[in-house]
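Here is what each chain is made of, one letter per residue.
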Amino acid sequence: AQTVTQSQPEMSVQEAETVTLSCTYDTSESDYYLFWYKQPPSRQMILVIRQEAYKQQNATENRFSVNFQKAAKSFSLKISDSQLGDAAMYFCAYRRWSGTASKLTFGTGTRLQVTL
Amino acid sequence: EAGVAQSPRYKIIEKRQSVAFWCNPISGHATLYWYQQILGQGPKLLIQFQNNGVVDDSQLPKDRFSAERLKGVDSTLKIQPAKLEDSAVYLCASSLLAGELFFGEGSRLTVL
């Protein structure tokens, strides 16, 4: 079974600074997707960024980028120029590649605080 | 485009009572998921539907939880009888076949 581990329960960053959230995963599959989801206090999960395992290039979405190390099974999220609105729970998630839909397996989350 | 709708947002019940949660996915999304998120934990899949068929219910406590998706659109998740450990947020999500999951705001259940 696939597992996702987030070893940082809480992180704090000052506004305008950069922070990196860590994630490791375990799988025997070679084709899969990795995701970072953001869950603000309102609880609605929002997709931040996704990475296809077959792509060597790290995904980037504006201030959000990932460092995907397939051999090490590591998938960290870097948030640059942090803003107050970035404060939320961040979940790393794994999804097996499949021609049909497959479930997301989530980590336990990292709570990010953004301070002035 | 309307998002995933869930109701009720909040529910408080006594243990051994029953409760039902409703989800309306994004129009056209064939796949619907119910996740349980206990405080301080990541969401855990309870059941996944493809149209109105069950794809994965391996982690659904079938002695007390049931779910259905009639006509492949709306879905209802029921708990009967509820236990204290069922206190959680129940998240519904939907997707096109292999596409991005879109989540609703969740239904928070408190069992006293």
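Worth saying up front: this structure is predicted, and the values here are computed from it rather than measured.

**Some details on the state of the cysteines**
(1) Moving on: Throughout the structure, instances matching the rule amount to two disulfides over all chains.
(2) Moving on: Each sulfur of the disulfide joining A:C23 and A:C92 lies 2.0 Å from the other. Note on the A:C23 and A:C92 pair: the S-S dihedral is about -70°, so by sign convention the disulfide is left-handed. In this pair, A:C23 sits in the loop between β3 (19-21) and β4 (24-26) while A:C92 sits in strand β10 (residues 88-96), placing the two residues 69 residues apart along the sequence. Like A:C23, the residue A:C92 is buried in the burial classification.
(3) Moving on: What pairs with B:C23 in a disulfide is B:C92, and their sulfur atoms sit 1.9 Å apart.

**Points about the interface of chain A and chain B**
(1) Moving on: The interface of chain A with chain B comprises 18 residues on the first partner and 29 residues on the second.
(2) Moving on: Carbon and sulfur atoms supply 48% of the area that chain A and chain B bury against each other, a total of about 1,800 Å² over both sides.
(3) Moving on: Where chain A meets chain B, there are one salt bridge.
(4) Moving on: In this structure, A:K103 and B:D56 form a salt bridge, with 3.9 Å as the shortest nitrogen-oxygen distance.
(5) Moving on: Between chain A and chain B we count five residue pairs in polar contact (both at pLDDT 80 or more) in total.
(6) Moving on: At the level of secondary structure, the elements contributing two or more residues to the side of chain A that touches chain B comprise β5 (32-39), β10 and β11 (104-106) of chain A.

**Considerations on the packing of aromatic side chains**
Two measures describe an aromatic ring pair: the distance that separates the ring centres and the angle between the ring planes.
(1) Moving on: Applying the stated criterion across every chain yields a total of 16 aromatic pairs over all chains.
(2) Moving on: Between the aromatic rings of A:F35 and A:Y37, the centroid separation amounts to 6.1 Å while the plane-to-plane angle is 40°, which identifies the pairing as tilted.
(3) Moving on: Among the residues examined, A:F35 registers a relative accessible area of 2% and is labelled buried.
(4) Moving on: In this structure A:Y37 comes out as buried when scored by relative accessible area, which is 1%.
(5) Moving on: For the pair A:F68 and A:F75, a centre-to-centre distance of 6.3 Å together with 80° between the ring planes defines the contact as edge-to-face. We note that A:F68, like A:F75, is buried.
(6) Moving on: Put simply, the rings of A:Y33, A:F35, A:Y37, A:F91, A:F106, B:Y33, B:Y35 and B:F103 pair up and form one aromatic cluster.

**Here we look at the environment of A:Y32**
Residues and elements named next belong to chain A.
(1) Moving on: Relative to the elements of secondary structure, Y32 occurs in strand β5.
(2) Moving on: Among the residues examined, Y32 registers a relative accessible area of 3% and is labelled buried.
(3) Moving on: Remark: the alpha-carbon pair of Y32 and L77, spanning 45 residues in sequence, is separated by 17 Å.
(4) Moving on: Apart from residues no more than four positions distant in its own chain, Y32 is found in contact with Y25, T27, Q51, E52, A53, F68, K70, Y94, R95, R96 and W97.
(5) Moving on: For Y32, the side chain forms a polar contact with the side chain of Y25, separated by 2.7 Å.

**Side note on the confidence of the model for chain B**
(1) Moving on: On average, chain B scores 93 in pLDDT, and the residues at 70 or more come to 97%.
(2) Moving on: Strand β6 (residues 53-56) of chain B is the least confidently modelled element of chain B, averaging 91 in pLDDT, while strand β8 (residues 75-79) of chain B averages 98, the highest of any element.

**A word on unusual backbone geometry**
Residues and elements named next belong to chain B.
(1) Moving on: Across the junction of S7 and P8, the peptide omega takes the value -10°, indicating a cis bond.
(2) Moving on: Relative to the assigned elements, P8 resides in the loop between β1 (5-7) and β2 (10-13).
(3) Moving on: With an omega of -5°, the peptide bond running from Q80 to P81 counts as cis.
(4) Moving on: Looking at the secondary structure, you find P81 in the loop between β8 and β9 (88-95).

Each value, and the rule that gives it
Residues numbered from 1 in each chain as written. Chains lettered and ligands numbered in written order. Predicted model: local features only at pLDDT ≥ 70, side-chain atom pairs only at ≥ 80, totals over all residues. Heavy atoms only, no water. Disulfide = S-S within 2.5 Å. Helix = DSSP H or I, 4+ residues; strand = E, 2+ residues; numbered from the N terminus. Buried < 20%, exposed > 50% of the residue type's maximum accessible area, 1.4 Å probe, protein only. Contact = heavy atoms within 4.5 Å. Buried area = accessible area lost by both parts, 1.4 Å probe. Salt bridge = Lys/Arg side-chain N within 4 Å of Asp/Glu carboxyl O. Polar contact = N/O pair within 3.5 Å; in protein donor to acceptor, adjacent residues only side chain to side chain. Phe/Tyr/Trp six-rings, centres within 6.5 Å; stacked < 30°, edge-to-face > 60°. pLDDT = per-residue confidence, 0-100.

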